[in-house]
Each structure stands twice: as structure tokens, then as C-alpha cells.
Amino acid sequence: MKYSVDENGYYGKFGGAYIPEMLYPNVEELKENYLSIIGSSDFKEEFDKLLRDYVGRPTPLFLAERLSQKYEAQIYLKREDLCHTGAHKVNNTIGQIILAKKLGKQKIIAETGAGQHGVATATVCALMGMECIVYMGKIDMERQRPNVERMRILGARVVPATSGSQTLKDATNEAMRHWINHPTDTHYIIGSVVGPHPYPDMVAKFQSVISEEIMNQLEAATGSPYPDYILACVGGGSNAAGAFYHFMDNEKVNLVAVEAAGHGVGSGESAATTALGKPGVLHGSKTLLMQTKDGQVVEPYSISAGLDYPGIGPIHAHLFDTGRVQFLNATDEEAMNAGIELSRQEGIIPAIESAHAFVALQKLDLTPNDTVVINLSGRGDKDLETYIQWGKY
Ligand SMILES: *Cc1c(COP(=O)(O)O)cnc(C)c1O
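Residues numbered from 1 in each chain as written. Predicted model: local features only at pLDDT ≥ 70, side-chain atom pairs only at ≥ 80, totals over all residues. Heavy atoms only, no water.

### A short note on the sheet that holds strand β7 (residues 157-161)
- On the basis of which strands lie adjacent, the open sheet formed by four strands has the order β7-β6-β5-β8 and parallel pairing. At either margin of the open sheet sits one strand with a lone partner, and together these are β7 and β8 (186-189). Averaged over all adjacent pairs, the angle separating strand axes in this sheet is 25°, with direction ignored.
- Of the pairings in the sheet, the one linking strand β5 (residues 107-112) to β8 comprises four bridges and is parallel in character. Bridge pairing in β8 links A110 to I189.
- Across the sheet, helix α8 (residues 168-181) lies against β5, β6 (131-137), β7 and β8, angled at about 160° from β5, the strand it touches most. (Pairing = 2+ DSSP bridges. Helix = DSSP H or I, 4+ residues; strand = E, 2+ residues; numbered from the N terminus. Axes fitted to C-alpha atoms, helices over the stretch in contact; angles between N-to-C directions. Contact = heavy atoms within 4.5 Å.)

Below, the structure written as C-alpha cells:
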């Protein structure tokens, strides 16, 4: 496949494994084994079974009739919001914990910003009876208290990262340090298509179940497995990578990614990486990231915690660089309005991350014959407080 990772872990100019030497053995062990493990019939059987019986897959592909009427196109929603735990993230944590077991690991560590990946990790650790430690910035723990308590109810230990800005970046550093000190018994579950090779490829493969299902469901609904457009929001890029995966080589399918513009791309408070970013190294891979002239990472901002990330996965940097994916962005205001519109038009309150993808409907030049699939990455329950604070409904 044209947009796949190469044997050195690169997508064009982006990717690789930029890690401290102390981490080589851990990452090397993964790199040597991940393809044979996830390609084995044993793995596939367990993964498919859990996706079906535990996560609730296949998630429906829903023809949104009122939205279709309004935007004059055939609009389908891929309902990842109906996954157990409320978003697509669990597809990846299920895949990684089965892989960890097959590698003989007994303990799991993870980092989390808003807590969504931490919850998805704590969930599968409870399911598998594995010890779970989640690193989280001390400030994020205060901001995201319900998710901290969810993880604790599920039996995970949440460890505050107290260095630096006490947010995601610092939690990642703490998790890396833990992994260096416990290389043999511990697996590190990364939550998006980010991190050193092979993580981006591994996470994209686990999430690719989304596009595999879209193809089957769309063919059953319309007679063709190929839509004209696929829309997805991008934080690190895992739900987008999953929704795009099986369509990347078919250039007739327009792939559209929507980033968070926060208060506006030029406002100094956004997370619109492709609009503002330059090549650099973030979390172990070469990618596009928002940085100052002297290479300091710029604090990102978005009203949605899951898009509040200063970079994008290397696969997306490459898809942007080659022009294969069109990148748009949506402000807080546009996303909140789109979230409320979806609630009113279809009776679905989306995660605010997912609401960003719906803003693209207004920015694309759609015609009535176009088939559009929007990846509805998560449900809005976790964002109720943000909707209430927003108030304009
Ligand atoms: C975490 C999250 C995202 C952003 O992560 P990606 O890796 O870009 O998919 C998007 N939507 C929801 C609902 C999330 O929880």
C-alpha cells in the first residue's frame, strides 16, 4: 500500500523511532514481534471475539436523513460513539492488551491527558486481570476528576506527573521513565497513532476495523463500498487513521481531516497542527508539531480535551505532505454549534472532538449525489459539563 509505513518505520519524511538508548530493547522487542503476533490466527480470533462481544462491534453505519436533507448529500454516520466506554479508543487498547499478553507481559502502563485513553486502558486491564498504572499530569487530574475516579473504580493506579507544566507531555515522560525501569514485565499502551515506530502502524492497524466495516456496510446500503468523502477529526489521528485506512489507495475517495482551531488559527490558542506546525520530533517520532522559532513545543488549546495535542501522528504528517488528505480546521464555536445541531437534527449528542468533523459539512462543496461518511468518534456524555458551560442551546 502506497501510504503504509516502510521497514524503517517511516511514512515519507515522517516517523521513525527517536528514543533514548535505554528504551531500545523494549521498542525493538515490539518491532520484531508485532506483525507476526497480530497476523496470527490466534490473535485475530481473540481480537474479533472481544470486539464483537465486549465492545459491541460492528458499530452501525447510520443514514442521517435530516442532516442529509439539510446539507444536500447522502450523509452516513459511523457510530463509534456506541462502542463500550463511549469512543473508538477501546479498539486499540483491546488490541494492545492481547498483544501484551502474547509477549508475556503482566503489567500495563499508559499516559493520559484528558483521561479518555486512561479509562480505555483501565477498562481492558480489568477485563484481563492485569495491573494498570496510568500517568496523568497533576493539573489534568484536577481538570478531569470524573475520569480519574473512573480509572480508580476500574482498579487502576493513577500517578500524578508533577514536573514541568504537569500535563500530557510530562505524563508521557513519566511513563517512558517507568518503562525504561521495568522493561521485561511491562507493556506501554500508547493511545493514538503517535510515538516511536511501531506504535503508529500498530494503532492504525487496530483502528482499521472502522474502515473495514464501513466498506461492508456501505456496499450493503448503496451497492458500492466507496463513499465520495470520509470525514474525521484529528487529535493524534487514530480515529481518522482507522476510518481512512482501507480507502487510502483509492484516490477517488476524498479523505478530509478536521483539526481543532480553538479560538482561531491565528489566535495563539489552537491545536491546528498542519496549519501552524513545522517538522520536529515529538514523543519519539518525526512529525509536524507546533513549536516556537527555537523549537520549543507550543502549548496547544482546544475546547475539546481529546484534540488538545501539539502534534499529529507521522502518518497524517505524510498524508498532509502528499496532499492525499485535505486538512480543514474548526473553531471551538463552530464545533459547539455543530454538536448542538447534530443533537437537534438526529438525537445524537456527540463528543466535542467528533463535533469538529461535522463542521466540514459547511466547508465542502457537496452535491446531492455525494455519499459522505462521518466518523462519529465518541459520545458526548463526558462533555456534558462543557455543553452546560457553553450554554447556547
Ligand atoms: C481521544 C479522542 C479523539 C482524538 O484522538 P484521535 O487519536 O485523533 O482519534 C477523538 N474523538 C474522541 C471521542 C476521543 O475520545
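More follows now that the structure is in view.
### Considering the domain arrangement of the protein
- Assigned domains of the protein: these are domain 1 (18-50 + 89-203) and domain 2 (58-87 + 207-390).
- Taking the mean C-alpha position of each, domain 1 and domain 2 sit 23 Å from one another.
- Taken together, the contact pairs 23 residues of domain 1 with 26 residues of domain 2.
- Buried surface at the junction of domain 1 and domain 2, both sides included, amounts to about 2,000 Å², of which 61% is carbon and sulfur.
- Three residues, Y18, N91 and V193, lead the burial of domain 1 against domain 2; their summed loss comes to 28% of the area buried on that side.
- Linking domain 1 with domain 2 are zero salt bridges, by the criterion used here.
- At the boundary of domain 1 and domain 2, one finds seven residue pairs in polar contact (both at pLDDT 80 or more).
- When residues of the side of domain 1 that touches domain 2 are traced back to their parent elements, those giving at least two are α4 (89-102), α5 (116-128), α8 and α9 (199-207).
- It is α4 that provides the largest number of residues to the side of domain 1 that touches domain 2, a total of four residues. (Domains from an automatic or database assignment. Buried area = accessible area lost by both parts, 1.4 Å probe. Salt bridge = Lys/Arg side-chain N within 4 Å of Asp/Glu carboxyl O. Polar contact = N/O pair within 3.5 Å; in protein donor to acceptor, adjacent residues only side chain to side chain.)

### Remarks on the site of the ligand
- Around the ligand sit 17 residues, and of these K89, S192, G237, S238 and S377 come closest.
- A distance of 2.7 Å is found between an oxygen atom of the ligand and a backbone nitrogen or oxygen belonging to G237.
- The separation between a nitrogen atom of the ligand and a polar side-chain atom of S377 is 2.7 Å.
- Contact with the protein chains removes 97% of the 380 Å² of surface that the ligand exposes when unbound.
- Considered class by class, the residues forming the shell around the ligand number four nonpolar, eleven polar and two charged. (Near = heavy atom within 4 Å. Areas by Shrake-Rupley, 256 points an atom, 1.4 Å probe, with all protein chains shown as cover. Nonpolar A, V, L, I, M, F, W, Y, C, P; charged D, E, K, R; others polar.)

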